[in-house]
Each structure stands twice: as C-alpha cells, then as structure tokens.
Amino acid sequence: MELLISEVNPGVLRDIEAFEVKIIAHEHVNRRRVVKERRVTGNKIEKLLDVYPRVIFSAGKEGNPGHLPGAALLCLSLTPKDVSNLQNLHELNDRYENALVEIASSLQLSRNILIALLSLQSWKAFMQRWMKAYMNFLDDKVTSTVLDKNSRVANDILKTIRRIAEAAIPRSAENMALAAGALCMVLPHSAHNIKTTASKFLLNWLFQYEHEHRQWSAAISLGLITSCLHITDHKQKFQNITGLLEVACGSKSTLVKGACGLGLGFSCQNLLTAFKIDVDGSLEEETHKMQEEESVGNIVRTLSLLIRELTLSSSNILQNLCQYFPPNSIIRGTYTASEFLPCKNSNLEEEDIWGVAGLVMGLGFSVNAIYRAGNHDSVIAIKDVLTSFFVQKNSSVSSEKSEIALSVGSCLALPAVVSFCLKVELINHKEVNHLMDVYEELISELVSLKKTGIFHQSLLMASCVGAGSLVSCILNEGAHYVEFQKVKSLFDLFRKCYSDPYSPNVHLGGMIGVVNALGAGAGNLLHDYYPLASSLQTSPAQKESSYLMGPLLANPICKPHLTLIMQEIFLVAKSSDDSQLQQYAAWAVSFLRHSLLTREPQNVDNSFQSSTAGFKSVSQTFSEDSTVMKISSWLMHLPPPGTGSIPHHNTIGTVLRCLSQAPRLPSLDWGAITRRCMRYEEAQVEQLFPSDTDRRGGTLREECVQFALAHAIHFNQLLSFLDELFDFPRFSGVELNLQSFMLFHLSELIKVFSGSRLEKLFDDISSYFSSLVSSRYSPENKSLLRLSCWKGIYQCLDEASSESLEYLSNIEKCMEVLFSLLPELNSEEEWSEAVKCLGKARRSWLMDILQVQKVDQVKGNIHSDDAVKKIKAKARLVTIGSIPLSDLGKLKAHIFNLEACGIWDALVEVVAALQHAEGSVKRQWLIEAVEISCTTSFPSTAMRFVGLLSGSCCRYMPLLTLNQFTVLSDLPVTLTSLLSDPNWETISESVASNLWISTARFYKWVRKDASLDDVSHSLPIDRSENDNAVFLMQAMHQACVSLKDKLPFERQLKLANMVVF
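Just so you know, these numbers come straight off a predicted model, no measurement behind them.

Trainee: Report on the packing of aromatic side chains, specifying residues and quantitative values.
Mentor: Summed over all chains, the structure comprises 20 aromatic pairs. With a centroid separation of 5.1 Å and an interplanar angle of 55°, the aromatic rings of Phe-201 and Trp-205 are classed as tilted. Of this pair, Phe-201 and Trp-205 both sit in helix H9 (residues 192–206), four residues apart, which is roughly one turn of that helix. You can call Phe-201 buried: its relative accessible area is 3%. Ring plane angle 70° and centroid distance 5.4 Å describe the contact between Tyr-768 and Phe-769, whose orientation is recorded as edge-to-face. On the accessibility criterion, Tyr-768 (3% relative accessible area) is buried. One aromatic cluster in this structure is built from Tyr-96, Trp-123, Phe-126 and Trp-130. We note Lys-869 situated over the ring of Phe-819; from NZ or CZ to the ring centre the distance is 6.0 Å. Of note, Lys-892 hangs over the ring of Trp-925, and the distance from its end group to the ring centre comes to 4.8 Å.

What follows is the structure, given as structure tokens:
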C-alpha cells in the first residue's frame, strides 16, 4: 500500500498495479466476509428532528395550524394512521380544506419573493400529503387505475383551491395561487389536463393588471408549472412563456415584473430538454426546437434589458448578453429596450427591491437552458455578471438602492448558478473560495452597519440564505473542499442575524441560512439544485483536518458547533415571547426535517428515523485492513489543493485502475470521490507539475470514467455521474481525449443505462456529430472522434441481444449520421471500422441506407459523393462476407455512369470484392462493363474497371501497379492476356465486339467524325472526358488492335482507318 501511494513512475506503477489486483482478487476469494454492520447512535440533531413534530404540535395545537403556518405545511399530519376510520371522503377533505384556508390567511408573504418561494415549497409538501391521503382512501373504496385516481384527486383539489381563491382576501389569494402551482409540481407528467387547467386559471390572473396580488403570485406558479409540463405539451408551454414575457414588459408594477422574470427563469428548466435527431428531417420536431431556442433567447434578452432599464445598470456584460441573443418577432411580448416603460431614476422605492431581485434570479436560473442551447460563453457571462452585482466591500453605506437590489437577486441566484457550473466544470476551486469570501465579507459588513432600512435588511436576509445555500451546494457535491474556519465564521454571522434585534425577515434569513447550509434546500425549487446528502465514512484523518468535504452533518469536526446552533433554534421554535420569531424558527427547522425525510423512501408522515442515508455509517462489509478498504479510504481523503504534499496524478490513476478491477467496493460516496478526482489533474497537477512532459491531458479523467463504468451497476452515485457526463451539452463541452474515450466505451453503458436512457444517449451522439461539421476541431480530430464512435458502436452491436431492440433503431440512426460524414480520402482506418460496424447491422436497414438513386437514363448522371460512398461500402461488405455479391451486381449501371476521377477508390473495392467470386461471375462483370461503356457518359470509368479486373485476373498481375492511368496504358496487354486464358476465351468475341463499338463511339466524339455509322444510339459523352481523351483513345484503340482477330473483317478495316495520335 505504501509503495503504491508513494510511487510516481508509470512503468513501476503498472507493475505494482498488477500485484495489487492479484492481492484484491485473492482477498475477495479467500478472506472471510465481515457481515456485521455497526449502527451509529443518532446524534443530538437527529434526536431533535425526531421529536420535533410532537413538541411543536403537542396536544391541543394540532387544531390550530395557523399558529405556526410554515411548519404546519411541512410536517403537520392531518391524516389518521388508519384511513378506514374516516366516515367518508368529505371528512378527510374537510380537514385539509380547513387547514388550507387557515394557513393561507396566516402566512404573510409581505410582497417578498423569497418568502413566496419558501411558502410555495411548503405548499408542495402539504399537497403531497393531501394527494397521498386522498389516494389511500380511494384505494380502499374505489377500484380504478392509478392514472384515473391521480386525475380525479388532483382535479378535486384544484377545484377547491380555485373556489377558495376567487373569494379570498389578497393575503389568502396570493397563497392560493402558490398552492395551485405546488399542486402541479407533485403531479405526474401524465396529468397534463390538470396542469393545463391550472395554467389557464393562472394566466387569467396574470393578465388582471388591476390586481397586483394576483399577478405576481400567479406569475411565479405559472413558471413552475411550465417547468414540469410534459415535453410534448408545446402549445401550453409557449402560451405560458408568451404570457409571462408580455406581462413582464407591459406591467407598471416592478414586483410583477420581477415575479414574471422569476417565472421565466423557472420555465427555462423545461426548454431544450429532449429533441431527437432525425436524419430524414422531421419538420415538426425541428420547428419546436427552433421555437424553444428562440424562447430562451427572448427570455435572456428581455430579462437583461429589464434589469438595465429598471436599475440604469451600466454593466457591459448585460449589454453583451443582449448581443448574444438578437431580437426576433416569433414570440409575442418581446420588445426592444426603447419600448420598455422608462424608470424615473435609479433610486428604487422600497417596494421595488424584490421586483429587481426577481429579474436577476430569473436570469440566473436560465443558465441550464442556455447551456443546453450550446452557448457556454453566455453561462460564464451570467455567472460573472451576478458576481459583479455584489455590493463591494466598504461601499454599502453609499451604495444606491438599485445596486443593493441587484445584490439581493445575485445573493439568491448565485448558489444555483454555481451548483450548475460545478456540475459542468465551468468554475474552478479558486472562484468557489472567492465567492465564499465575498458572502462572508458582505454579511459581516451588513451586520456591523446595523442599518434598519428595508434595502439593507433585505440584502442581509438574502445574503444569509444565499451563503447557506452556497455552502451546501459546494459541500454536498463532494468535489471541493471548504475551510472549516470559513464555515464557522458564517455560522457565527447567521447566529447574530437571528439572535440580535433585527427585523423578522433578517431573523428568518439567518435561520434559513443555517438549515440550508445543512442541506435543507429551503427556497430551492429547481430540479437539480442540490445533490443528495452523501454517506461519507469518517476517519481519523477527516476528524483532524481543518478542511471540510461532504455534507456538514457528515463532518465530525462540525457537530459540536452545529448542535449548539440547532438547539438554540429548536428552543425558539418550541416557545418564544416573539410569536413571529417562533413562527420563523419552526419553519426553518421544518425545512431541514422535511428535506432529510424526503430523501429516503419513507412516508413523509412517519417520525424521523435516525438511520437515514445522511447519517448512517458505511456498511462494514470490508475489514479495516483489507487492501480495497485501505486504498478506498486513501482515495476518499486526498488532500485539498495547495495544502502541502499531494499525490501525483499517475498514482491516483493507478489506484482507480486497481479499484476498477475489484469485484466489489465499500459503500462510500463514489460519485463525489470520482468528481473530485476528475478535477484533480486540472486543479492541482498543472499547478504542481508544469514541466511534466509525460502527462497527457485528460488521462486521469479517463481513468475516472473507466472506474465509473466498472461499478455504476452497483452504485447510483456513479450512475448519476455517467448520466450527467454523457448528456449532450455536457459531453460536447469536455476535452477531445475524454470524448474519444467515452465514445469508445459506449458498449459498457448498455449494462447500466435503461432502454429509454440508451435511446437518448444515441440520439445525443447523433446530434453531436451532426453539429460537429461546423465545429472548431480539425479534420484529423473529427476523424478520431468518429473512429472511436464506430468502434464503440461495433462493440454495442457485437453484444446486442433481443432485449436491445428498443434502442437498436437509435443506434442505426447514429450509424447513418456517421456514414454520411465518412470522408473519401485518407481515412482507411475509419472506413475499416465503419464497414465492420455496418456488417453487424440489420440487413433490411443496411440495404435501405445503401440504396443508390436510379441513374437518369436521359441526362446521364453527375458524380455523386453519396453514391460513390454507398458503392464503396457495399463492395467492402461483400469482401467481408456481410452481403452477397449479387447486391453489388445490381449497381453496375450506377457504377459505370459515374465520373472516373471520383469513383476510382470504389472501383478498386469492387474488383477486390470480385476476387473470391466464381469465374462465371467475373466474366459476366467484364462483359457488362464493356457493354455499358458503349452507352455511358463516362466511358473512361468502364475502361478503368476493365483494366483493373483484367490486371487482377491475368498472369501479369504480380508485375502491375495500382494506378488509374497505368491500368489504361496496360489495358492492351492485360485484356489480351486475360482473354487468351481458356476459361475466358469463350467471351473474347463478345468483349472484342463491344470494345470496338465503344472505341468507335469515343473516336467519333474525339474527332467529330460522322462516317462511323456502326455506333448505336447512346448517351452523350460528358465534357469531363475531354481532359484525358487522347490518352484514353490510344489505350482503347491499342486494345482493339490486340483483339483484331476476334473482329469481323469490316470492323478490322475501319479500325485500320482510324487515325490516333
């Protein structure tokens, strides 16, 4: 073990690797299994969360959900354990409807977009419980399909929400609109009728300009509904987006503009998510894709212009974003900057701060759709502009209100942007650490200022929530380290915010910052914002380290500090003289509890279990001194960059190769470990070994992918890693070497991906190669990628079974795209792999794509790259025995009616395919080639084929050279020699006769001589034949002279009268 982790020489490491693999195999076979599993006693935070609902909703308080409305939405169970005890369905629905009304009237949104997001997320949990209770009741009383039950339940609940909403006061109406959106979020994709009904209801509210409270809450919900519509529901999707764009530009309310902007950001989650490549060109599919690309452009441009108009921002990046996405008139509601309602000045009113923040958040949430559109530069630009919106240090006192409003939005949007950029590797560890410092400095400065104005209070609230979310998204991803001292400092600042005499919103911000840092995800309504909590194993090295990696709850060094803070918040939630503070404390703790519970396959209403994945120890199926456990632990605890001695990338690669060959692995968070190793070479090796000439970019990353492929079938984290890496936008952004490696190993994905995921995989690859035509890669690099893909697909087809039929058509479409990109010259290796791959394909499909268009018998045929490619492919397939020679024989008319200079390689392949054919078949090819030369527009093509076939079959073959001119000059010798063979002599007269006709025709064309009237009617000879007309005429004439004995006297006489120069 020590020798392995200390060695850097690749040759020595290879020898050590072989030895370690043998040791691992020996231990696997011979060492006794350790099956005892150690149960970790729940820590104090777990115990608090376990008893939490019973404490805050003790006897007598369950009937008053309005006392703690946020907490009630998240964890108050209104359903009895035994649903059968209910007398009827009305009793169940009355419970939830009464709670709905009471909570909606108690939960104040205060025109605050962040509180609205927290509320909507809480309503989502409430709707999940209502739906589940209703469904359980129907299971006992009604017999019908799950789909029917879902539709019935959702329809009834939506009717209840709409009925209450229409008659509600503004405070309740706002919550009803959010509840409608939350209901749609918990519905399956199949419930599109319910989502359409909800969309129409909310669109109606959205255009009620006289009711601001209806507009802004409806806008947020409408965006979330759009994000969860079925991918085929294009009409409703575009209606929702068009409505949001129109109201964003036309409303006089800044809050409504901001809510529409946020809704548009949510809508982007469902744009450009699933489009298949269709080589036949599906007009409808292409139209929808173009509409969605235009929608993304309109959204980004509109949000950028609105931010500039409302804040008078001079950001060059915002201006550049508008240039990235030029205006178009496809979608109603998009206007130029001059058409926006102008702001009186940049000093916004207090009520405008959350409107501007909503626009900034919407812009930030659009990054994933922009990335899927292939505009990676714009993603980086948005990340940079959000960072630039932060109020700089020591500038808060004099900052304008518009700058503070921009900072509020940036604080809340950046964690989502950073999380996305971490996943697609558009941000490095230095930028991440810098952002942590910026948040800490901003909160520290705001706390020290102790200002009471709404702008500074809102910024303090948003910065706490954003900082907590940033800590969680960095640590939960598991690929980056964070200094413990930085996290501790942030928690101390959070503590000041909720314990010092600030406004209730700041108190809420401080407590949400704490629980978000622990992984609660409060305010997060994006699909892939937070990874699941990791089940990292602790070790002495981790306990002593000053750096944190993985979720905070899994880091022992944090437990004392976290326990103290959570106990304080818990006590406030249990009882406090300040009812508003108690409400918010209960809400914050409920978010954490709900988040941890929903990550487990448990009933949400059940009590908290101390053995959830976030807290349980690694199953001890390996002894501590086993080789696999030792090197796994070493790999898990690689030191952070810049913290002293770090291992060489060669060593890490060797360890990964050893583990790739291990029969089994301990249950660690291998997804996080693999992501960290993927970035190790870039972040550390380039810095420490700049002169290391033996390092080839991407080799360590290739080992990471190979490791994931080897064990993804056993670990969902590795499966998720591969799923993300092979997604089209992500795949197109990785380096060339890694792309080539991934394509080569496509067959290994068949073992781990589902059928539908494999369909998407091959469609993505087809799209990638279609887009590669105009990419920055050199022709050599493009060929390398195609070659790797052909090899990968060959292995897929080689291992294919009847079970693969569901995605076989997708593989065939991918091959069709690759075949269309096959070059004709300097590509022998690529052609060889392509033909091997095509030889494994289904015969019916193969014949379909290799079908050559019929030759125009009137106008002749022009040289066609596509036809030549198909002829060449068929010839090679005949050579390897994949298709019969008769299929190639059907193309004779096509072959000899193509221009000679373009089809030479195909002629060589055809003759090669004929080498193993029977003599009668060869003779028939020779006869028909000479016959066709009498009528074709390109006689030189037929003559070259005759020369090739004659040379390959005559006795002079070993002495001949393969050249398209020498085969013509040698024709008099090779053809005469061939026809003198007893096996060929039977066709000599026929060949000689047709050769004379062809020669006479060509002579007439060259000399424009009308006296040779023996020439039958034929197609006109193409002008391209004029380039080598004299040379060809001499070769054909000499061949006829050599065969004159086979001609009648009259033709011999005419042959003698020909004057050939």
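Let's pick the thread back up.
Trainee: Any details on the pattern of salt bridges? Residues and values, ideally.
Mentor: Using the criterion set out here, one finds 32 salt bridges in the structure. Between Lys-760 and Asp-727 there is a salt bridge whose closest N-O contact spans 2.5 Å. Placement of Lys-760 in helix H34 (residues 755–771) and of Asp-727 in the loop between helix H30 (716–725) and helix H31 (728–733) is noted, with a sequence separation of 33 residues between them. With relative accessibility at 27%, the residue Lys-760 sits in the partly exposed group. Across the pair Glu-812 and Arg-842 runs a salt bridge whose closest N-O atoms are separated by 2.7 Å. Of this pair, Glu-812 sits in helix H36 (residues 805–820) while Arg-842 sits in the loop between helix H37 (828–839) and helix H38 (843–849); the two residues are 30 residues apart in sequence, bridging distant segments of the chain. A relative accessible area of 39% means that Arg-842 is categorised as partly exposed. Where salt bridges share partners, they join Arg-14, Glu-17, Arg-657 and Glu-703 into one cluster.

The rules we used
- Residues numbered from 1 in each chain as written.
- Predicted model: local features only at pLDDT ≥ 70, side-chain atom pairs only at ≥ 80, totals over all residues.
- Heavy atoms only, no water.
- Phe/Tyr/Trp six-rings, centres within 6.5 Å; stacked < 30°, edge-to-face > 60°.
- Helix = DSSP H or I, 4+ residues; strand = E, 2+ residues; numbered from the N terminus.
- Buried < 20%, exposed > 50% of the residue type's maximum accessible area, 1.4 Å probe, protein only.
- Lys NZ or Arg CZ within 6 Å of the ring centre and 35° of its normal.
- Salt bridge = Lys/Arg side-chain N within 4 Å of Asp/Glu carboxyl O.

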